[in-house]
Amino acid sequence: MEARIARADKNDHVPDPPRYPGVPRWVKTFGIVAGLLILLLIILLHAGGGPRHDNQSSDAGGGQMLFEADRR
Amino acid sequence: MTMAPGLRKFALIAHIMSSAGLLGAIASFLALAVAGLNSPDAPLVRGVYLAMELTARFVIVPLAFASLLTGVVQSPGTRWGLFRHWWVLMKLLLTIFATVVLLLKMALVSYVAGEAAKTPLSRSDLRQARVELVVHAGGGLLVLIVPMVLSVFKPRGLTRYGWRKQHERSPVLQL
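Since the model is a prediction, treat every value here as computed from it, not as a measurement.

1. Section: the overall build of chain B
Then step 1. Along chain B, the regular secondary structure elements total five helices and zero strands.
Then step 2. Walking chain B from its N terminus toward its C terminus, one meets helices and strands in the order α-α-α-α-α.
Then step 3. Taking 16 Å as the expected radius of gyration for a compact globule of 175 residues, we find that chain B reaches 20 Å, considerably beyond that expectation.
Then step 4. Taken along its principal axes, the extent of the C-alpha atoms in chain B is 75 × 30 × 25 Å.

Structure representation (structure tokens):
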């Protein structure tokens, strides 16, 4: 029994933990697609002018917004 | 962290119910938004925007928080954890993103509903705001379909934290 423990101690060295393999490819692809979509949305909102949001008060439903320029 | 099997099942059911309910509620919201944008019938348009505000405030927002909360509570009790696997982390980030955008857009929903309650809206009134409601409802629906797909496929990949945790345990297991 003691001999077995001694042998185990001699051979027992903790190996270095393996290196992190990195971010999976699907996460990178997902990130790129999400980034592009957000960028596209921002460009579209700015190119379209977007509604003017002038918060005047903050009632329970959020601020009252003025879209008077939008109302014809 | 371990969770009793009964409690884990209960949390999972609550999470699935709130997430699926949220998806259904947003689909209804989108249908209403499209009807409100295209219908020439002023009383219908008025009813649509009032219904949209009620749905958003009393169904969509509570379900969004329930989905987020039940997910956060339930996941550490499973072998997947909350920050260990990329697919779980992605689901969390997407749900947070959708909830934040929803809260930001609540003011717009209330504003259009308020205007619709005051005066009959013609097809050109508040056009941009009404288009924005359709776009955000459609976008929200698409964003929330992704977590559903991730839950089914559970694509591989540990985060750096998950990797470290896994290899912290393995020397003990080797002895």
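2. Remarks on the overall build of chain A
Then step 1. When helices and strands are tallied, chain A shows two helices and two strands.
Then step 2. Taken from the N to the C terminus, the helices and strands of chain A come in the order α-α-β-β.
Then step 3. The proportion of buried residues among the 72 residues of chain A is 4%.

3. Some thoughts on the nonpolar core
Within soluble globular proteins, side chains that are nonpolar generally end up buried alongside one another.
Residues and elements named next belong to chain B.
Then step 1. Among the nonpolar cores identified, the biggest contains 28 residues, and Phe 29, Met 52, Ile 60 and Val 112 are the most heavily contacted of them.
Then step 2. Secondary-structure elements contributing two or more residues to this core are α1 (5–38), α2 (42–74), α3 (86–118) and α4 (127–153).
Then step 3. With nine residues, α2 is the largest single contributor of residues to this core.
Then step 4. Discounting residues that sit within four places of it in the chain, Val 112 has contacts with Tyr 49, Leu 126, Ala 129, Arg 130 and Leu 133.
Then step 5. Membership of the second largest hydrophobic core comes to seven residues, among which are Leu 82, Leu 89, Met 90 and Leu 150.

4. Quick word on unusual backbone geometry
Comment: phi is negative for the bulk of residues other than glycine, and the bulk of peptide bonds are trans.
All names here are of chain B.
Then step 1. Of note in this structure, Leu 126 is not a glycine but carries a positive phi near 50 degrees.
Then step 2. Looking at the element boundaries, Leu 126 is found in the loop between α3 and α4.
Then step 3. For Leu 126, a count of 25 C-beta atoms within 10 Å corresponds to the buried category.

5. Overview of the packing of α2(B) against α3(B)
Residues and elements named next belong to chain B.
Then step 1. Orientation of α2 relative to α3, taken along the N-to-C sense of each, is 160 degrees, at an axis distance of 9 Å. For the element pair α2 / α3, the angle class is roughly antiparallel. As α2 packs across α3, the resulting crossing turns out to be left-handed.
Then step 2. Counted by class, the contact of α2 with α3 contains 20 nonpolar, five polar and three charged residues.

6. Some thoughts on the environment of Leu121(B)
Then step 1. Its location among the elements puts Leu121(B) in the loop between α3 and α4.
Then step 2. For Leu121(B), the contacting residues outside a window of four places in its chain are Ala42(B), Val45(B), Glu115(B), Ala116(B) and Leu126(B).

7. Regarding the packing of α1(B) against α2(B)
Residues and elements named next belong to chain B.
Then step 1. Running from amino to carboxyl end, α1 crosses α2 at an angle of 155 degrees, the nearest separation of the two axes being 8 Å. Accordingly, the angle class assigned to the pair α1 and α2 is roughly antiparallel. As α1 packs across α2, the resulting crossing turns out to be left-handed.

8. Side note on the confidence of the model for chain A
Residues and elements named next belong to chain A.
Then step 1. On average, chain A scores 66 in pLDDT, and the residues at 70 or more come to 44%.
Then step 2. The weakest mean pLDDT in chain A belongs to strand β2 (residues 62–63) at 39; the strongest belongs to helix α2 (residues 25–47) at 89.
Then step 3. Within the model, the stretch residues 53–72 combines pLDDT values under 50 with 36 contacts to residues more than four positions away or in other chains.

9. Thoughts on the confidence of the model for chain B
All names here are of chain B.
Then step 1. For chain B, the mean per-residue pLDDT works out to 91, and 95% of the residues sit at or above 70.
Then step 2. Put simply, helix α5 (residues 160–174) is where chain B has its lowest mean pLDDT, 76, and α2 is where it has its highest, 95.
Then step 3. The ipTM assigned to the predicted complex is 0.76, against a pTM of 0.79.

Reading the values: rules and limits
- Per-chain numbering applies: the sequence of each chain, read as written, is numbered from 1 onward.
- A letter from A marks each chain and a number from 1 marks each ligand, given out in the order of writing.
- Per-residue local features of the predicted model are confined to residues with pLDDT of at least 70, and side-chain atom pairs are confined, for both listing and counting, to 80 or more; whole-chain, interface and lining totals are unaffected and use all residues.
- Secondary structure counts use DSSP, requiring at least four H or I residues in a row for a helix and at least two E residues in a row for a strand, with both numbered from the N terminus.
- Each radius of gyration reported is based on C-alpha atoms, and the globular scaling rule is 2.2 Å times the count of residues to the power 0.38.
- Backbone-placed C-beta atoms define the burial measure: a residue is buried with 20 or more other C-beta atoms within 10 Å of its own, exposed with 12 or fewer, and partly exposed in between.
- Connectivity within a nonpolar core runs through C-beta atoms within 7 Å, and the core itself is a set of buried Ala, Val, Leu, Ile, Met, Phe, Trp, Tyr and Cys residues.
- What counts as a contact here is a pair of residues whose C-beta atoms, placed from the backbone, lie within 7 Å.
- A fitted line through C-alpha atoms serves as each axis, taken over the contacting stretch for helices, and the angle formed by two N-to-C directions is quoted from 0 to 180°.
- By definition in this entry, angles of less than 35 degrees are roughly parallel, angles greater than 145 are roughly antiparallel, angles of 65 to 115 are roughly perpendicular, and the rest are oblique.
- By the definition used in this description, the sense in which the near helix is turned from the far one sets the handedness, with an anticlockwise turn below a right angle giving left-handed and a clockwise turn giving right-handed.
- Residues are grouped as follows: Ala, Val, Leu, Ile, Met, Phe, Trp, Tyr, Cys and Pro are nonpolar; Asp, Glu, Lys and Arg are charged; every other residue, Gly included, is polar.
- What pLDDT expresses is the predictor's confidence in each residue, scored from 0 to 100.

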